[in-house]
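Structural overview
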Amino acid sequence: SPITSSNIFYIGAARTDVTGPVVQVNMMGYAHPEQVANGLHTRLYSRAFVVADKELNTRVAFVSFDGGMTSQLIKLQVVKKLQEKHGDMFSERNVVISGTHTHSGPAGFFQFLLFEITSLGHVEQSTTAFVDGITESIELANSRLELGKIRIGSGLVNEGNINRSPTSYLLNPESERARYTHDTEQEITVLGFETLSGDPVGMLSWYPVHPTSMNFTNLLINSDNKGRASTLFEKMMRKPGETLGGQETPGLSIHVFSARLYKYILNNTIEHIQSLPNISKFIQHLVETNCTKISSFFAFFESFVAAFAQANLGDVSPRTKGPICFDTGLECEPLSSTCNGRSQNCTGFGPGKDMFDSTDIIARRQLDAAKGVYENNCNLSATEVLDGPVSWVHQYVDMTSQSIKLDDGTTANTCKPGMGYSFAAGCTDGAGAFDFVQGMTRGTAFWNTIRDTLAKFICTVEPPKEYYDCHKPKPVLLPTGYMDIPYEWHPTTVDIQLLRIGQLVIAAVPGEYTTMAGRRLKEKIHMEAISQGMGENTKVVLAGLTNVYTHYITTPEEYVAQIYEAASTIFGPHTFQVYQEKFSDLVFPLVSGNKDDVDLGPSPELKQANQSRIAPLPGPDKVPAGVNFGDIIDDVNATYSTDDVVVVKFHAANPRHDMKLGSTYLEVERLVGRAWKTVYTDADWSTKFSWEEKNSIAPPVESYVTIEWDIPVDEASGTYRIVYHGDYMDVDGSITPFTGTTSEFDVA
Ligand code: ZN
């Protein structure tokens, strides 16, 4: 397609490591108190895309990061940090932060209590890793802005998801359902970013599927199917020999890689770099002169960024074999998702032989579809480029006090937040506790008594009858809108936000829309955009889990049956209609540029002072007498075959003393000539890092690290060893790094 002034944008993309604490922290998603991380399978990343018009008048930032969701605390803190350095270039109005919704990331990054019950309150390390890493990824992407083009296309993902609440979906009007082939969206929308000189910059896609391929028995920090797809795509696109954490089988030596980087930063000559005495001094020099952190040092290198962002995944499961009773092998009762009346034994399965395999399969199905579209996008004749202005619009809305005119002429209101009984039942991706089942439209005397008794202690004002009526037919189990002791349990103010890049509109929604709710919202925005003057080729995508978390949003029809997602639609039966109207109202200022007319709404507070913090913190470490940190407990065998698993164990220390951002807790090294070269790190799929502490009454604590390397079938034969990087804390609080190294072994 010919290049015109309006189909050229400033584009920049960047990826940073946001892996937080990997042990002693509850995982965000399943809300199981026992799901406390004890190690690391894959690192978590923030992937940022900044787009500005050719005149640099308007810019927008879209971030997809490997976290459970974006919290209000994360968004407000990221914006605050950006503004401290960049003034009004960024604000909450032109920045969208979307969580991939991995259920295997750390918890504890909220300013509302309900989300931090199972994490035992606020976890400073989780919050810092997310806030700093997301901020850094936006800054890096912004620093790399270059003129380029953005291509758009879509394709179908083959068996990448199923509907986990199909009986709920069936409540939507038949005429509406008849317009769609499936009860989930199978389409993946893909953007390809390329500089004017043809350098690939990044890929950003949206496709709905829960990252619940890893189930609640998993205790290793993991980016699930979305993160796996991203790293596989990035590996596919890496420059020759590029070696970065998270990539598998690096090629170029660190010398050549660093030389390229050095050249990039200082615009210096290769001869000068080669004249440097050794690589560590060289890196030290770089750090001293340019970067304060090693992670930014690595991130500065321009590598391809591939994000698999989240969409309307509310009722969408990756467990494509569907739910069965795991005790009997029979089908679950379809309406309540129970086996023998209880939800705990009914769970979704597949498609793989175990959860790691399932994660990989669902990742590769997304990867294949995105790759197909992306490669087709590179074919200039068969492509569509984004063409038009860059724009954004944003409004804060207090969701507790909205009213709306219904089709029958009556007026309906939103409610103060509340969770229904069936929220506590969980869903087939992860069941809840006690005797709750899905589809409960009536409470029980037993739980209502507990609820009302608790309310006396945790609500300044006890919820009135009108509040419970407002939520009907949802029986409220947790009246969170009134729960404010020791502080608020739920947000009340949400972000309504749209970004526009050419003919693409991105709707940033604060939670998990179900399939049909998402379709309706996109269609409404699409119609409104065209009526406001955008072209027939207008595309609308829905970005899920952005800005502030408010659980689920179902259609009003789905709300009636009170399946899990409906029970978790917190502002009551008319939540969706209010969102639809609010988003629709913002299309006019988005298209016309008439932002001055937008009522900006009530800004939420950044609350930090009164957070509960009772989760354990890392303390001093110790080793038995005569033993050093890093000494081997279980060493390697002399020889392994490919497809064997190497398992080694070390005397260790708490890994939280250093989160190793942009770095690694372990290296698998191969002997090349006389030098050891890193071939895998803790970010790689084939390695697992786990930590256990010996029971002790008081610190210091003795602990052990186990490293597994699942040797890939195509691994080159040769001599290998495994290195563990730890940091121990002394009783005086000082922290000292150490390493442990296994004996050499052969892979035959
Ligand atoms: Zn979810």
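For clarity, every value in this text was computed on a predicted model and none was experimentally measured.

Regarding the state of the cysteines
Here a disulfide denotes one covalent bond, and it connects the sulfur atoms of two cysteines. Across all of its chains, the model carries three disulfides by this definition. Between the sulfur of Cys325 and that of Cys339 lies a disulfide, 2.1 Å long from S to S. Taking the sign of the S-S torsion, -100 degrees for the link of Cys325 and Cys339, the bridge is left-handed. Taken as a pair, Cys325 in strand E15 (residues 322-325) and Cys339 in the loop between E15 and strand E16 (346-349) lie far apart in primary sequence, 14 residues in all. Given the relative accessible area of 4%, Cys325 is considered buried. Residue Cys339 is classed as buried on the basis of its relative accessible area, which comes to 6%. Each sulfur of the disulfide joining Cys415 and Cys470 lies 2.1 Å from the other. Of note, the bridge from Cys415 to Cys470 carries an S-S torsion of about -90 degrees and is left-handed in sense. You can see Cys415 sitting in the loop between strand E20 (411-413) and strand E21 (419-420) and its partner Cys470 sitting in helix H12 (residues 465-471), a full 55 residues away along the chain. Taking only the cysteines that form disulfides and numbering them from first to last, the protein has the pattern 1-3, 2-4, 5-6. Cys346 supplies the cysteine sulfur nearest to Cys427, a cysteine that is in no disulfide, at a spacing of 9.6 Å.

Some points on the environment of Thr217
With respect to the helices and strands, the residue Thr217 is situated in the loop between strand E11 (200-206) and strand E12 (220-221). With a relative accessible area of 52%, Thr217 lands in the exposed category. Along the chain, Thr217 and Glu34 lie 183 residues apart, while their C-alpha atoms are 8.8 Å from each other. A polar contact of 2.5 Å, which involves the side chain of Thr217, links it to the side chain of Asn215.

As for the packing of helix H13 (residues 515-531) against helix H16 (residues 575-592)
The contact between H13 and H16 brings their axes to 9 Å, and the two run at 25 degrees. With respect to each other, H13 and H16 are oriented roughly parallel. Between H13 and H16 lies a crossing of right-handed hand. Residues Ala517, Arg520, Leu521, Lys524, Ile525, Glu528 and Ala529 of H13 touch H16, and the partners they reach there are Phe576, Tyr579, Gln580, Phe583, Ser584 and Val587.

Let's talk about the UniProt feature "active site" (unreviewed entry) in the protein
Under the present numbering, the feature "active site" (unreviewed entry) in UniProt falls on Ser317. Among the secondary structure elements, Ser317 is positioned in strand E14 (residues 316-317). Other than its neighbours up to four places away in sequence, Ser317 contacts Gly160, Asn161, Ile162, Arg164, Val209 and Asp429. A polar contact is formed between the side chain of Ser317 and the backbone nitrogen of Arg319, at a distance of 3.0 Å.

Some details on the sheet that holds strand E18 (residues 390-398)
Taking strand neighbours across the sheet as the criterion, the four strands line up as E18-E25-E26-E28 in an open arrangement whose pairing is mixed. The open sheet terminates on both sides in strands that have one partner only, identified here as E18 and strand E28 (539-543). The mean angle between the axes of side-by-side strands here comes to 15 degrees, regardless of whether they run parallel or antiparallel. As defined by bridge partners, strand E25 (residues 493-501) adjoins strand E26 (residues 504-508) across five bridges and the pair is classed as antiparallel. Counterpart to Leu498 in the pairing with E26 is Ala507. Docked against the sheet, H13 engages E25, E26 and E28, running at close to 140 degrees with respect to E28.

Examining the environment of Glu488
One can find Glu488 in the loop between strand E24 (476-478) and E25. You can call Glu488 partly exposed: its relative accessible area is 34%. Considering only alpha carbons, one finds Glu488 and Ile458, 30 residues apart in sequence, at a separation of 9.5 Å. In contact with Glu488, other than residues within four places in its own chain, are Gln111, Phe112, Leu113, Met483 and Lys607. Side chain to side chain, Glu488 and Lys607 meet in a polar contact 3.3 Å long.

Parameters and conventions
Residues numbered from 1 in each chain as written. Predicted model: local features only at pLDDT ≥ 70, side-chain atom pairs only at ≥ 80, totals over all residues. Heavy atoms only, no water. Disulfide = S-S within 2.5 Å. Helix = DSSP H or I, 4+ residues; strand = E, 2+ residues; numbered from the N terminus. Buried < 20%, exposed > 50% of the residue type's maximum accessible area, 1.4 Å probe, protein only. Polar contact = N/O pair within 3.5 Å; in protein donor to acceptor, adjacent residues only side chain to side chain. Axes fitted to C-alpha atoms, helices over the stretch in contact; angles between N-to-C directions. Parallel < 35°, antiparallel > 145°, perpendicular 65-115°, else oblique. Left-handed = near helix turned anticlockwise from the far one by under 90°. Contact = heavy atoms within 4.5 Å. UniProt positions renumbered as here; feature names shortened; annotations may be inferred. Pairing = 2+ DSSP bridges.

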